[in-house]
Amino acid sequence: MSTRRLATEWTQTDTPQGLLAQVAEQTATIPDREQRQTLAGFAEILAGLRFEKALIRRFFREDIMRESVIYQDILQQGRQQEALSLVMRQLNRRLGEVNSAAIERVRALSIEELEELGVALLDFSGVADLMAWFDRQKMRDVEIALIIRQLTRRLGDVDQSLRDRINRLSTEQLEALGVALLDFFQVADLVAWLEEQQVSD
């Protein structure tokens, strides 16, 4: 069913609640799962500007929305903001006023990096410790980029899910991977190595 036809059908109602019901009903009939989830996510976000959450939940299945890439992105941003807020409070309490350049560097960190910083800053005694931590993170990023290049050259394309798992490795594990990858002949070897690391954690 085309988007234009859906839009025409959706507007054939007298009440906003009726329109919302039609949108939910028509969205549920879209056969392509990914397209259905994406449109449901868009519809729910827009509906949230006008309707109460309980009414939206009545018409849209929650499992479809949770699988929507839009919904996942919003959740990710929410977690990022929570982690950032917590780390900023910890930094201010531990180090006092932190300069704006350092704050911008903290804001640019991923959730995983914010979590690492949240643990590391418990041992900080001054802003110099924070700067040293940033330097170590930069070296880590360079090491990860080098390992990804080596893996790509050896095994071909390394998909994003494996890259994400590599990004979560500790410094010691990254060093071990840098050596182990010389014995890898296929992506399955990398997957098996990563599974071993997970079991040992």
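Residues numbered from 1 in each chain as written. Predicted model: local features only at pLDDT ≥ 70, side-chain atom pairs only at ≥ 80, totals over all residues. Heavy atoms only, no water.

Draft legend 1. Region of the structure containing helix α7 (residues 100-107). Among the residues making up α7, those that are buried are Ala102, Ile103 and Val106. In a view along the axis of α7, the buried residues occupy a sector of 100°, so they form one face of it. The outward face of α7, more than 90 degrees from its buried face, is lined by the exposed residues Ser100, Ala101 and Glu104. N-cap assignment for α7: the residue whose side-chain oxygen lies 3.2 Å from the backbone N of alanine 101 is asparagine 99. (Buried < 20%, exposed > 50% of the residue type's maximum accessible area, 1.4 Å probe, protein only. Helix = DSSP H or I, 4+ residues; strand = E, 2+ residues; numbered from the N terminus. Arc of directions from axis to C-beta. Polar contact = N/O pair within 3.5 Å; in protein donor to acceptor, adjacent residues only side chain to side chain.)

Draft legend 2. Seen up close, the packing of aromatic side chains. Evaluated as defined, the whole model comprises one aromatic pair. Between tryptophan 133 and phenylalanine 134 the ring centres are 5.7 Å apart and the planes differ by 65°, which places this aromatic pair in the edge-to-face class. One Lys or Arg, arginine 154, reaches over the ring of phenylalanine 185 and ends 5.6 Å from the middle of that ring. (Phe/Tyr/Trp six-rings, centres within 6.5 Å; stacked < 30°, edge-to-face > 60°. Lys NZ or Arg CZ within 6 Å of the ring centre and 35° of its normal.)

Draft legend 3. Broad picture of the pattern of salt bridges. Tallied over the entire structure, the rule returns three salt bridges. The partner of arginine 107 in a salt bridge is glutamate 104, with the nearest N and O atoms 3.8 Å apart. In this pair, arginine 107 and glutamate 104 are both assigned in helix α7, three residues apart and thus about one turn of the helix distant. Notably, a salt bridge pairs arginine 163 with aspartate 157, separated by 4.0 Å at the nearest N-O pair. On the basis of relative accessibility, which here comes to 26%, the residue arginine 163 falls in the partly exposed class. (Salt bridge = Lys/Arg side-chain N within 4 Å of Asp/Glu carboxyl O.)

Draft legend 4. Spotlight on the packing of helix α9 (residues 127-155) against helix α11 (residues 171-180). Direction vectors running N to C along α9 and α11 enclose 30°, while the axes themselves pass 10 Å from each other. With respect to their mutual orientation, α9 and α11 come out roughly parallel. In the crossing of α9 with α11, the sense of the turn from one axis to the other is left-handed. Contacts between α9 and α11 involve Arg140, Glu143, Ile144 and Ile147 on the former and, on the latter, Thr171, Leu174, Glu175, Leu177 and Gly178. By residue class, the composition of the contact of α9 with α11 is four nonpolar, two polar and three charged. (Axes fitted to C-alpha atoms, helices over the stretch in contact; angles between N-to-C directions. Parallel < 35°, antiparallel > 145°, perpendicular 65-115°, else oblique. Left-handed = near helix turned anticlockwise from the far one by under 90°. Contact = heavy atoms within 4.5 Å. Nonpolar A, V, L, I, M, F, W, Y, C, P; charged D, E, K, R; others polar.)

Draft legend 5. Inspection of the confidence of the model for the protein at higher detail. Across the protein, pLDDT averages 79, with 73% of residues at or above 70. Looking across the protein, the model is least confident in helix α1 (residues 3-10), with a mean pLDDT of 49, and most confident in α9, with 93. Overall, residues 6-11 carries pLDDT values under 50, and its contacts beyond four positions in sequence, including any with other chains, amount to 13 contacts. (pLDDT = per-residue confidence, 0-100.)

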